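Architecture at a glance
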Amino acid sequence: MNAIEDNAWSRGFADLGSIVPPPVAVLVVSAHWESDGSFTTLDDPPATIHDFGGFPPELYSMRYPAPGDHALAARAAALTGGAAADGRGLDHGAWSVLHRMYPAANVPVVQLSLDVRATAGEHLALGRALAPLRDEGVLLLASGNLTHDLRDAFGRLRRGDSTTPDWAARFDEGVARALESRDGAWLVRALDTEDGRRAHPTPEHWLPILYAAGASNESDSVRFPITGFDLGSLSMRALLFG
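In what follows, the accompanying structure is described. Just so it is clear, the model here is predicted, and its values are computed rather than measured.

Another aspect to go through is the packing of helix α5 (residues 120-130) against helix α11 (residues 207-215). Across the interface, α5 lies against α11 with an axial gap of 7 Å and an inter-helix angle of 45 degrees. Taken together, the axes of α5 and α11 lie oblique to each other. Helix-helix and strand crossings are classified by hand; for α5 and α11 the assignment is right-handed. The residues of α11 that touch α5, namely those facing A120, H123, L124, L126, G127, R128 and L130, are L207, L210, Y211, A213, G214 and A215. Taken together, the residues of the contact of α5 with α11 break down into nine nonpolar, three polar and one charged.

Structure follows, in structure tokens:
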């Protein structure tokens, strides 16, 4: 809904477009494309995928007609040991944010899938493998949530309870400290902790942050241009390296 609502989160996404130096292209790792192996989108332009149900018609009518980038798709696939694949568009983890950052849809976009066979450490390593793209002017955009227990969040919505539970606050703060201190080992083990399991009943909304962390380097500044919780327990913290 942040794609069509005017709220603190959608305004925060829009602000990112002016904070981040203009990229030549965007490589998105989203929670919403899982696959057996690493794949990149080859379509130009990639279709806008409406991979959800039960939302207002306005959301399904949205299109994000950004161009694709065959060269970037091939390069990212080579760096990750994967393959470029046609027939796949941009899911809402990609276009709902990019629609706010770059509303003119004039920046080429390629999406990278999450390999469900990979361990957390291997996802972090894939992020490191993609780091050279940053020197080529490519923005690496990781789209997920630092806490993502939808059962808890929707339960709070039904009860009218907007308080943030202790486990969500602790995990969000722990992630921020680990990112600031470049503690990759903590990030890799994060979902093995009690708070981590509570924050992420399934891992897909956690894994994208490992790519951003992996692609960072010691000289990067670490900023959190968006902080806070939606529906009580969904961390909307945004991280910016560099």
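Let us now look at the nonpolar core. Grouped together as the largest cluster of nonpolar side chains are 35 residues, with contacts concentrated most on L27, L179 and W206. For this core, the secondary-structure elements that each account for two or more residues are β1 (25-35), α3 (70-80), β4 (109-115), α5, α8 (166-180) and α11. No other element matches the seven residues that α8 contributes to this core. Dropping the residues within four chain positions of it, W206 is found in contact with N145, L146, F171, V175, W186, L187, A190, L191 and H200. V28, L59, Y64 and L240 belong to the second-largest nonpolar core, a separate cluster that totals 28 residues.

Below, the discussion takes up the side chain of R237. Structurally, R237 can be placed in the loop between β8 (234-235) and β9 (238-241). Under the relative-accessibility criterion, R237 is labelled buried at 18%. Side chain to side chain, R237 and D172 meet in a polar contact 2.8 Å long. Look past the residues within four positions of R237 in its chain and what remains in contact with it is L146, D172, A176, F224, I226, T227 and G228.

What follows concerns the environment of G144. Along the chain, G144 turns up in the loop between β5 (138-143) and α7 (150-159). The partly exposed category is assigned to G144, whose relative accessible area is 37%. For the pair G144 and L207, spaced 63 residues apart in sequence, the C-alpha separation works out to 7.8 Å. In this view, G144 contacts A31 and H205; residues no more than four positions away in its chain are not counted.

Let us look at the packing of aromatic side chains. Both the distance between ring centres and the angle between the ring planes are used here to describe each pair of aromatic rings. Under the defined criterion, the tally for this structure stands at five aromatic pairs. Between F52 and F55, the aromatic rings sit 5.5 Å apart at their centres with planes inclined by 80 degrees, giving edge-to-face as the arrangement. In this structure an aromatic cluster arises from ring pairing among F52, F55, Y60 and W95. Sitting over the face of the ring of F224, R237 holds its NZ or CZ atom 4.7 Å from the ring centroid.

This part covers the environment of V116. By the element assignment, V116 lies in the loop between β4 and α5. On the basis of relative accessibility, which here comes to 44%, the residue V116 falls in the partly exposed class. Separated by 88 residues in sequence, V116 and E204 have C-alpha atoms that sit 8.7 Å apart. Excluding anything up to four places from it in sequence, V116 contacts E34, S35 and D36.

A separate point is the pattern of salt bridges. A side chain of one charge can pair with a side chain of the opposite charge when the charged atoms of the two come close. Going through the model one piece at a time under the given rule, you end up with 12 salt bridges. In this structure, R156 and D152 form a salt bridge, with 2.7 Å as the shortest nitrogen-oxygen distance. Here R156 and its partner D152 are both found in helix α7, four residues apart, which amounts to about one turn of the helix. Take R156: its relative accessible area is 10%, and that puts it in the buried class. A salt bridge links R156 to D161; its shortest N-O distance comes to 3.1 Å. Each of the salt bridges in this network shares a partner with another, and the network as a whole consists of D149, D152, R156, R159, D161 and R198.

Basis of the calculations
- Residues numbered from 1 in each chain as written.
- Predicted model: local features only at pLDDT ≥ 70, side-chain atom pairs only at ≥ 80, totals over all residues.
- Heavy atoms only, no water.
- Axes fitted to C-alpha atoms, helices over the stretch in contact; angles between N-to-C directions.
- Helix = DSSP H or I, 4+ residues; strand = E, 2+ residues; numbered from the N terminus.
- Parallel < 35°, antiparallel > 145°, perpendicular 65-115°, else oblique.
- Left-handed = near helix turned anticlockwise from the far one by under 90°.
- Contact = heavy atoms within 4.5 Å.
- Nonpolar A, V, L, I, M, F, W, Y, C, P; charged D, E, K, R; others polar.
- Core = buried A, V, L, I, M, F, W, Y, C linked by side-chain atoms within 4.5 Å.
- Buried < 20%, exposed > 50% of the residue type's maximum accessible area, 1.4 Å probe, protein only.
- Polar contact = N/O pair within 3.5 Å; in protein donor to acceptor, adjacent residues only side chain to side chain.
- Phe/Tyr/Trp six-rings, centres within 6.5 Å; stacked < 30°, edge-to-face > 60°.
- Lys NZ or Arg CZ within 6 Å of the ring centre and 35° of its normal.
- Salt bridge = Lys/Arg side-chain N within 4 Å of Asp/Glu carboxyl O.

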